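# Structure at a glance
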Amino acid sequence: MEESYVLHLQKQYQKFSDFYLCFCGRARCEPLHSYGPAVRPNYLLHYILDGRGIYRTEDQEFTLGRGEGFLIEPNRQTFYQADGENPWTYLWVGFDGARCESCLRSLGLGNGRLTFRCGNGEELLELVESMLACGGSGAGADFMLQSLLCRFFACLARGVSREPERRLNRRERENLYVHQALEYIRNNYADGVTVSGVAAHVALNRSYLFTLFRRVLGISPQEYLTQFRLTRAKEQLTLTGAPVAGVALSCGYQDPQVFSKAFKQRFGVTPSKYRRQDREQELNSLERLKEAGEKPAVP
């Protein structure tokens, strides 16, 4: 990477759990610079300021250039690479939260649409530059970053070219049912939501919902719900100092022992041990970076 600038955040989750900034940056890539195949834990938008490259998912590949962008969705394997002769320069914004899917849908993104064109590149760059400059601590910086994230989406909303509405085919309708179910889980996972409740929300019987999940995601609705809750728990153990019982409750587990058992079965360690190991690893990593004078890796 050349001329790479990155801002990583952890505390935004604590104030803005519905929709919050995780990190942002910009970079001018070297020829054939690539990232992946990799799976992200959060949403990530790239916007190409100049040059070109390719973006590849498990079943699609796109060649993209100046004025275009691409969406990376959480828990999906992706790969992207700069062109060998005209490598791209791009900016990126990583974000997460319970309302992300509805925010993206308002832009016409998600549900199979992973690329876009936007004519507001200069304004998007200015907003990311402002985010990068807002590296201070305190409530003022937190609220400023939140406002810049909202302005970034407002800029996209004004500039994204929309495709005309069309009738969905059978596969697209099935994908839409699954996406609606996923959004409902993400918005209600902390409130004791059940698979039956998810099925009722999308107006499908439970067995058909099971069939769609297996067909589209390769796992059952219950498996996805459990994985999502435990992933959120892992995030909270990393980013907050909340007690394990509080993390369990906030992720939909009424019994901390049931939560600890499920967490250990999924990740191989108890929640308390995971938190301790994560803090030690982060401290060691910061010490190594400090000694070497290195910068964090660029997304």
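What you see is a predicted model, and the numbers here were worked out from it, not measured in a lab.

Let us look at helix 7 (residues 206-216). For helix 7, the complete set of buried residues consists of Leu-209, Leu-212 and Phe-213. The arc enclosing the buried residues of helix 7, seen along the axis, measures out at 100 degrees, which places them on a common side. Next to the buried residues of helix 7 lie helix 5 (170-188), helix 6 (195-201) and helix 8 (221-239). Backbone geometry just downstream of helix 7 places Gly-218 in the positive-phi region, at approximately 85 degrees.

Following both chains from N to C, one finds helix 5 and helix 7 inclined at 105 degrees, their axes separated by 10 Å at the closest point. Between helix 5 and helix 7, the interaxial angle falls into the category roughly perpendicular. Residue-level contacts link Arg-170, Glu-174, Asn-175, Tyr-177, Val-178, Ala-181 and Leu-182 of helix 5 to Tyr-208, Leu-209, Leu-212, Phe-213, Arg-215 and Val-216 of helix 7. Of the residues that constitute the contact of helix 5 with helix 7, the class distribution is 9 nonpolar, 1 polar and 3 charged.

Ranked by size, the top nonpolar core spans 50 residues in total, and within it Leu-45, Val-93, Phe-95, Phe-152, Phe-153 and Leu-156 carry the most contacts. The leading source of residues in this core is helix 4 (residues 139-159), at 8 residues. Residues in contact with Phe-95, not counting those within four places in the same chain, are Phe-19, Tyr-20, Leu-21, Cys-22, Asn-42, Tyr-43, Leu-44, Leu-45, Cys-100, Leu-104, Leu-149 and Phe-153.

This part is about the pattern of salt bridges. According to the stated counting rule, one finds 12 salt bridges in the structure shown. Between Arg-56 and Glu-61 there is a salt bridge, and its shortest N-O distance comes to 2.9 Å. Its relative accessible area of 48% is what places Glu-61 among the partly exposed residues. We note a salt bridge from Glu-183 to Arg-105, for which the minimum N-O separation is 2.7 Å. With a gap of 78 residues between them, Glu-183 in helix 5 and Arg-105 in helix 2 (residues 100-106) connect regions that are remote in the sequence. The network of salt bridges with shared partners includes Asp-96, Arg-232 and Glu-235.

So, about the environment of Arg-113. Along the chain, the position of Arg-113 falls in the loop between helix 2 and strand 10 (115-117). Taking the C-alpha atoms as reference points, Arg-113 and Phe-70, 43 residues apart in sequence, are found 9.1 Å from one another. Engagement of the side chain of Arg-113 in a polar contact is seen with the backbone oxygen of Gly-108, the distance being 3.5 Å.

Mean pLDDT for the protein chain: 85, with 86% of residues reaching 70 or above. At the level of individual helices and strands, the protein chain shows its lowest average pLDDT in strand 1 (residues 2-8), which scores 49, and its highest in strand 4 (residues 43-50), which scores 96. Taken as a whole, residues 1-5 scores under 50 in pLDDT and shows 22 contacts with residues more than four places along the chain or in a different chain.

Reading the values: the criteria
Residues numbered from 1 in each chain as written. Predicted model: local features only at pLDDT ≥ 70, side-chain atom pairs only at ≥ 80, totals over all residues. Heavy atoms only, no water. Buried < 20%, exposed > 50% of the residue type's maximum accessible area, 1.4 Å probe, protein only. Helix = DSSP H or I, 4+ residues; strand = E, 2+ residues; numbered from the N terminus. Arc of directions from axis to C-beta. Contact = heavy atoms within 4.5 Å. Axes fitted to C-alpha atoms, helices over the stretch in contact; angles between N-to-C directions. Parallel < 35°, antiparallel > 145°, perpendicular 65-115°, else oblique. Nonpolar A, V, L, I, M, F, W, Y, C, P; charged D, E, K, R; others polar. Core = buried A, V, L, I, M, F, W, Y, C linked by side-chain atoms within 4.5 Å. Salt bridge = Lys/Arg side-chain N within 4 Å of Asp/Glu carboxyl O. Polar contact = N/O pair within 3.5 Å; in protein donor to acceptor, adjacent residues only side chain to side chain. pLDDT = per-residue confidence, 0-100.

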